[in-house]
Amino acid sequence: MNKIAVERTKRSRIDSVDFNNLAFGSVFADHMLVCDYKNGQWGAPKITPYQSMELDPSAKIFHYGQSIFEGMKAYKDDEGGVWLFRPEENQRRLNISAKRLAMPELPKEIFMEGLVTLLQIDRDWVPRKEGSSLYVRPFMFASGKGFHASPADEFRFMIALAPSGPYFSGKVSVLIEERYSRAANGGVGFAKAGGNYAAQFYPTQLAVEKGYNQIIWTDDNTHEYIEEAGAMNIFIRINDTLITAPTNDRILDGITRKSILDIAADMGIETEVRKIAVAEVIEAAKDGSLKEMFGAGTAAVVSPISSFGYKEVDYDLPELGKSYATILKKRITDIQYNRGEDKFGWRFRVV
Ligand code: PLP
Ligand code: COI
């Protein structure tokens, strides 16, 4: 690939950002990457100042939701080095999502070189503060025109960057969902399709009205098995065994999830990848063998759950001193921030 064309901003906005008080994903770095697909091929990617864009009102993204995204983070170490965590996994997953949504796959070099070049330009936007990072959002959508309900003929791939603080703070209480589903057999649950998230908002609003923060998604068929925690994969610790649901076409194959499975096994923690019945979790909560539940995903890394509700009953989880959630989060963030040994070769140097 030729060198990526870069148009630099004339006035950086970086001085207007309070890096000590960052929310998640609400301010954006100076530059973005854009690459268009037309006439059956991807054009040259370019980096421009972060800005609004024009789309035709008939662009198919607005009508038929052909839209996918990825989420990753860039971390800064104590020497100012900038690192990504397993970015090739995101590249691979973007194309898995693209295929399912009848969108063109993006060549690996556009993703990787675009990502690295953009991050090198906006490296000063990677926060240094513990718990903060630069959230990286690669995404692709149907920019092609027409009301015909068929795949667009033009697409746009972009990468935008958002310096971010922690995704969740405080205690997280969740509701085990009995009516709504986030995904169904044969559907798009395994893809990072925009519509999956839109479909979660209403049931989540209902849960919030009842006093919960998030939903634990169960299988669409019986609602008897636990699948995901909001927009994260789920881990449940019963006695000393860490359990997570197997991925299938309803569950996103999370990079944090599989990293946690590897780290836990490496630390001698017993792990099981198997179906988790809601009844088993209730039983374990009642007899005291349920020790922990936590979500796992890029944004929050590990998000401990403090209580859950099911059929109008609330169950509290114990507060453990040395929880698996704490130990595993430390291990994984030590790798991400270049503080600890990277046994698995997951760190990827940007600068
Ligand atoms: N499950 C869903 C539905 C998600 O949106 C995400 C977030 O990306 C995850 C799980 C966790 O995936 P990852 O660890 O790759 O961020
Ligand atoms: C995650 O990174 O865990 C996510 O689910 C991303 C979210 C902002 C959609």
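As the structure is a prediction and not an experimental result, all values here were calculated from the model. (Residues numbered from 1 in each chain as written. Chains lettered and ligands numbered in written order. Predicted model: local features only at pLDDT ≥ 70, side-chain atom pairs only at ≥ 80, totals over all residues. Heavy atoms only, no water.)

I keep staring at the site of ligand 2 and nothing clicks. Help me out?
Inspection of the region around ligand 2 gives Phe24, Tyr135, Arg137, Tyr167, Tyr197, Ala231, Met232, Gly297, Thr298 and Ala299 as its neighbouring residues. The contact in question runs from an oxygen atom of ligand 2 to an N or O atom on the backbone of Thr298, over 3.4 Å. Here Ala299 contributes a backbone N or O atom positioned 2.8 Å from an oxygen atom of ligand 2. Protein coverage of the free-state accessible area of ligand 2, which is 280 Å², stands at 88%. Cavity membership is defined here by more than half of the atoms lying within 2 Å of grid points; on that basis ligand 2 lies in the largest pocket. In this structure, the shell around ligand 2 is formed jointly by two domains, domain 1 (5-164) and domain 2 (172-336), each of which donates at least three residues. (Near = heavy atom within 4 Å. Polar contact = N/O pair within 3.5 Å; in protein donor to acceptor, adjacent residues only side chain to side chain. Areas by Shrake-Rupley, 256 points an atom, 1.4 Å probe, with all protein chains shown as cover. 1 Å grid on protein atoms, 1.4 Å probe; cavity = no way out; pocket = protein on both sides within 12 Å on 5 of 7 lines; lining within 4 Å. Sits in = over half its atoms within 2 Å of the grid points. Domains from an automatic or database assignment.)

How do you make sense of empty space enclosed by the protein when you look at a structure like this?
Over the atoms a probe the size of a water molecule is rolled, and this reveals where empty space is left. By the definition in use, this model includes three cavities of 30 Å³ or more. Here the largest cavity is characterised by a volume of approximately 110 Å³. Along its surface, the largest cavity is lined by 13 residues, and Tyr75, Phe85, Thr256, Thr298 and Gln336 are the ones closest to its centre. When residues of the lining of the largest cavity are traced back to their parent elements, those giving at least two are β6 (72-76), α5 (255-266) and α7 (324-336). The element that contributes the greatest number of residues to the lining of the largest cavity is β6, accounting for three residues. Residue composition of the lining of the largest cavity, grouped by class: six nonpolar, six polar and one charged. (Points joined across faces, edges and corners; volume = space filled by probe spheres on them. Helix = DSSP H or I, 4+ residues; strand = E, 2+ residues; numbered from the N terminus. Nonpolar A, V, L, I, M, F, W, Y, C, P; charged D, E, K, R; others polar.)

Please explain helix α2 (residues 87-100) as it appears in this structure.
Each full turn of the α-helix corresponds to 3.6 residues, which orients residues three or four apart in the same direction. Given a rise of 1.5 Å per residue, 14 residues ought to cover 20 Å, and the 20 Å separating the end C-alpha atoms of α2 matches this to within 8%. Within the span of α2, buried status applies to Pro87, Glu89, Asn90, Gln91, Arg93, Leu94, Asn95, Ser97 and Ala98. At the C-terminal side of α2, Ala102 shows a positive phi close to 55°. (Expected span 1.5 Å × (residues − 1). Buried < 20%, exposed > 50% of the residue type's maximum accessible area, 1.4 Å probe, protein only.)

How do you make sense of the side chain of Thr256 when you look at a structure like this?
Tracing the chain through its elements places Thr256 in helix α5. At 3.2 Å, the side chain of Thr256 forms a polar contact with the backbone nitrogen of Thr298.

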